[in-house]
Every structure is written in C-alpha cells, then in structure tokens.
Amino acid sequence: MNAPRGIRNHNPGNIDRHPGVHWHGQAADQSSDSRFVVFLAPEWGIRALARVLITYMTARKARDGSRIDTIREVIDRWAPPSENNTGAYAQHIADLTGIGLDDPIKPDYPTLRRLVPAIITHENGIQPYSDHQIDEGLKLAGIHQGEPEVML
C-alpha cells in the first residue's frame with residue numbers, strides 16, 4: 001500500500017474515471033478507487049496516458065484555438081489550473097524531457113517516449129517502469145519506434 005495511487009492502480013497518469021468511458025485493459029472491478037481508473041497492468045495505464053496525449057495533439061485545441069503542440073499546452077489541458085500549479089507542472093515536464101516549454105512537439109515515438117515517463121514521474125513522484133514496459137504501453141497506443149507520427 002505504500003506505492004503511489006497511480007502505481008497501485010496501474011494508472012500512472014492518474015486518469016479520471018468518467019461514466020460511459022471504458023478503456024482497453026481497464027479492470028472489471030473499479031471498487032478500489034473512487035476517482036481514478038484501475039487498469040489490469042501498467043502497460044494498459046501507459047497506453048491510456050499515451051492515447052490521451054495523442055488525442056490532445058491531434059484532435060483538441062489549446063486555449064487560444066490553435067493545435068496543442070507544446071508542453072505548456074499539453075500540461076494546461078492535462079493538469080488544469082483549477083486543480084494544479086500548471087506552470088510548475090509544465091516546467092517540471094520540460095526539465096525532465098529536455099524539451100522547451102514552447103518548443104513544437106508531435107505525437108511521435110521520440111516525443112512520447114520522453115513525455116510519458118516524465119508525466120509518470122510528476123504524477124507519482126517515481127517512475128518505476130522498465131523501458132520495455134513503457135515501449136509496450138506505447139505500442140498498445142499505436143506508437144512504434146521508427147514509425148512516423150500518429151495521424152488520426
């Protein structure tokens with residue numbers, strides 16, 4: 001029970017549960033957490049985290065109406081100021097990834113391979129997953145090393 005909530009739930013992005021939304025790899029029994037989705041294995045939670053990021057970058061808009069294509073914009077959507085210190089969160093992600101807050105990013109393997117572990121670290125205080133587990137989660141999300149960015 002000492003592991004962070006996101007790690008215990010195999011949901012390292014701490015994705016909220018929403019009525020009517022069922023994720024691939026979601027555990028049938030959700031009773032162990034009243035707010036966040038519980039997944040069967042970490043790879044499914046990593047997949048969900050990546051799928052949300054891909055959706056942000058391909059199908060959602062930033063506050064100014066432009067594409068979400070920077071760390072600042074991704075984190076503004078992921079961790080809204082109404083619940084988080086979004087500026088500090090975004091800066092931490094930029095520091096962990098080595099990508100500038102306003103540098104353009106794409107939903108491709110090199111970007112998500114850096115962004116996903118950084119969000120896991122920020123959300124949980126640790127990033128306990130192996131490279132293999134991260135890559136498996138990305139593969140489940142449709143992101144494969146050496147392939148062009150996902151276009152949905």
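Before going into details, it helps to say that this report is about the structure given with it.

Definitions and limits used
- Residues numbered from 1 in each chain as written.
- Predicted model: local features only at pLDDT ≥ 70, side-chain atom pairs only at ≥ 80, totals over all residues.
- Heavy atoms only, no water.
- Helix = DSSP H or I, 4+ residues; strand = E, 2+ residues; numbered from the N terminus.
- Buried < 20%, exposed > 50% of the residue type's maximum accessible area, 1.4 Å probe, protein only.
- Contact = heavy atoms within 4.5 Å.
- Core = buried A, V, L, I, M, F, W, Y, C linked by side-chain atoms within 4.5 Å.
- Expected span 1.5 Å × (residues − 1).
- Arc of directions from axis to C-beta.
- Salt bridge = Lys/Arg side-chain N within 4 Å of Asp/Glu carboxyl O.

Comments concerning the side chain of Asn-11
Okay, step 1: Within the element layout of this structure, Asn-11 appears in the loop between α1 (5-8) and α2 (42-59).
Okay, step 2: On the basis of relative accessibility, which here comes to 0%, the residue Asn-11 falls in the buried class.
Okay, step 3: Residues contacting Asn-11, with those up to four places away along its chain left out, are Gly-6, Phe-36, Val-37, Phe-39 and Gly-45.

Some points on the nonpolar core
Okay, step 1: Counting 40 residues, the largest nonpolar core has Leu-53, Ile-71, Ile-75, Trp-78, Leu-115, Val-116 and Ile-119 as its most contacted members.
Okay, step 2: Among the elements of the structure, α2, α3 (71-78), α4 (86-97), α5 (109-124) and α6 (131-140) are those that each provide at least two residues to this core.
Okay, step 3: Take this core: its biggest share by element is 9 residues, from α2.

Regarding α4
Okay, step 1: With 12 residues, α4 ought to run about 16 Å at 1.5 Å a step, and its terminal C-alpha atoms sit 16 Å apart, in line with that.
Okay, step 2: Listing the buried residues of α4 in full gives Thr-86, Tyr-89, Ala-90, Ile-93, Ala-94 and Thr-97. The buried residues of α4 occupy an angular sector of 135° when projected down its axis, which confines them to one face.
Okay, step 3: Packing partners of the buried residues in α4 comprise α3 and α5.

Comments concerning the pattern of salt bridges
Oppositely charged side chains may form a pair once their charged atoms are brought near each other.
Okay, step 1: The tally for this structure, following the rule as stated, stands at 8 salt bridges.
Okay, step 2: The partner of Arg-35 in a salt bridge is Asp-16, with the nearest N and O atoms 2.6 Å apart. With a gap of 19 residues between them, Arg-35 in the loop between α1 and α2 and Asp-16 in the loop between α1 and α2 connect regions that are remote in the sequence.
Okay, step 3: Across the salt bridge formed by Arg-35 and Glu-83, the nearest N and O atoms sit 3.3 Å from each other. With Arg-35 in the loop between α1 and α2 and Glu-83 in the loop between α3 and α4, this pair connects stretches of sequence that are 48 residues apart.
Okay, step 4: The partly exposed category is assigned to Arg-35, whose relative accessible area is 36%.
Okay, step 5: A relative accessible area of 54% means that Glu-83 is categorised as exposed.

Re α6
Okay, step 1: For α6, every residue scored as buried is listed here: Ile-134, Asp-135, Gly-137 and Leu-138. Axial view of α6: buried residues confined to an arc of 160°, hence all on one face.
Okay, step 2: Each element contacted by the buried residues of α6 is listed here: α2 and α5.
Okay, step 3: At the exit of α6 stands Gly-142, carrying a positive phi of roughly 95°.

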